[in-house]
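Structural description and commentary
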Amino acid sequence: VFNNEYIYIAESGIETLKGSNCLIIQNEADMEIIRQRNPDWYKSLTDACVKSIVLLPLTHNNEFVGFIWATNFDTSRVLRIKETLELVTFFIASEVASYKLVQRLRFLSNEDLLTGVNNRNAMNNRVLQFVSGEVNYRTISVVFADLNGLKPINDNEGHNAGDTLLKSAAEILKQTFSDCEIYRAGGDEFVVVAIDVPKESLEARVETLRKKSKVKGNVSFAIGFYHDENGGDVRKAMREADALMYEDKKAHYSTARVQSY
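This text gives an overview of the structure that appears in the document.

**Re the pattern of salt bridges**
A side chain with one charge may pair with a side chain of the opposite charge, provided their charged atoms come close. Tallied over the entire structure, the rule returns 14 salt bridges. Between K174 and E171 there is a salt bridge, and its shortest N-O distance comes to 2.8 Å. Taken together, the residues K174 and E171, both in helix α7 (residues 159–176) and three residues apart, mark about one turn of the helix. By relative accessible area, which is 37% here, E171 ends up partly exposed.

Take a look at the structure:
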């Protein structure tokens, strides 16, 4: 396990190299130079009984990703060892960079870039995990939260204002349902999935969100909430919550029309 001290010493090695693409220590004179440049690194080497070392930084596209080294070798073969490590670092750095790229692409493929919550693709994949039995749970709850008033904002104030509203809505949901999975299903619709979260806790949060939504000037949601105590089908829970959300949305716009008269 790499603790913070190990990481600190390893990172200090970047400065010790001072732009060089290789560090070679063959004798006590070389080790003394390291002691003067980086006492902490010198101590870590001597504590590990290192007498000689060839160390190369792993980089890809000028990005540092780590080190590779060989220690306590036959110093008469130092150049051969250096050449071998240079070849190895090329392949390792390429593999590390490819892995990081794949991880980044996977992250982007599952995140809604505007709001920072999970996107519809992530939601669909998650539903497949539920359906296939990959996810074990006792209770499941779904909250459909549809943002009221997005279209008028886009039409009257522009899409930048609409984007700001969507980001505010997402932040409210993240704060309200911090222990749940939050997805932007598309457009102005968000879905919250809660696994094994007590019904009473979710009901209280939903009710608070409803009350705040009715205050003029606040971000307003039409909300549908469904809870299954017996580990039911997530697809049914989503259908039920969706239907309840549409009932709430109709009530919202009906009230808005009455108030406008």
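On we go.
**Notes on the packing of helix α2 (residues 28–37) against helix α3 (residues 39–47)**
Contact geometry for α2 and α3: axes closest at 5 Å, N-to-C directions at 135 degrees. As far as their axial angle goes, α3 and α2 are oblique. For the pair formed by α2 and α3, the contact residues are M31, I34, R35 and R37 on the first element and P39, Y42 and L45 on the second. Considered class by class, the residues forming the contact of α2 with α3 number five nonpolar, no polar and two charged.

**Thoughts on the packing of aromatic side chains**
Counted by the stated rule, this structure contains one aromatic pair. Ring plane angle 80 degrees and centroid distance 5.3 Å describe the contact between F130 and Y137, whose orientation is recorded as edge-to-face.

**Focus: the nonpolar core**
Grouped together as the largest cluster of nonpolar side chains are 24 residues, with contacts concentrated most on L147, L173, F177 and F221. Of all the secondary-structure elements, those providing two or more residues to this core are β4 (140–147), α7, β6 (189–195), α8 (199–213) and β7 (221–228). A per-element tally of this core places α7 first, with five residues. If near-sequence neighbours (up to four positions away) are discounted, F221 is found in contact with A145, D146, L147, N148, A169, I172, L173, L209, S213 and D248. Counting residues in each nonpolar core, the second largest holds 20 residues, with V142, Y183, Y226 and A241 among its members.

**Regarding helix α5 (residues 120–132)**
Compared with an ideal rise of 1.5 Å per residue, which puts 13 residues at 18 Å, α5 spans 18 Å between its outermost C-alpha atoms and is within 8% of the ideal. Among the residues trailing α5, G133 stands out with phi positive, at a value near 90 degrees.

Cut-offs used in this document
- Residues numbered from 1 in each chain as written.
- Predicted model: local features only at pLDDT ≥ 70, side-chain atom pairs only at ≥ 80, totals over all residues.
- Heavy atoms only, no water.
- Salt bridge = Lys/Arg side-chain N within 4 Å of Asp/Glu carboxyl O.
- Helix = DSSP H or I, 4+ residues; strand = E, 2+ residues; numbered from the N terminus.
- Buried < 20%, exposed > 50% of the residue type's maximum accessible area, 1.4 Å probe, protein only.
- Axes fitted to C-alpha atoms, helices over the stretch in contact; angles between N-to-C directions.
- Parallel < 35°, antiparallel > 145°, perpendicular 65-115°, else oblique.
- Contact = heavy atoms within 4.5 Å.
- Nonpolar A, V, L, I, M, F, W, Y, C, P; charged D, E, K, R; others polar.
- Phe/Tyr/Trp six-rings, centres within 6.5 Å; stacked < 30°, edge-to-face > 60°.
- Core = buried A, V, L, I, M, F, W, Y, C linked by side-chain atoms within 4.5 Å.
- Expected span 1.5 Å × (residues − 1).

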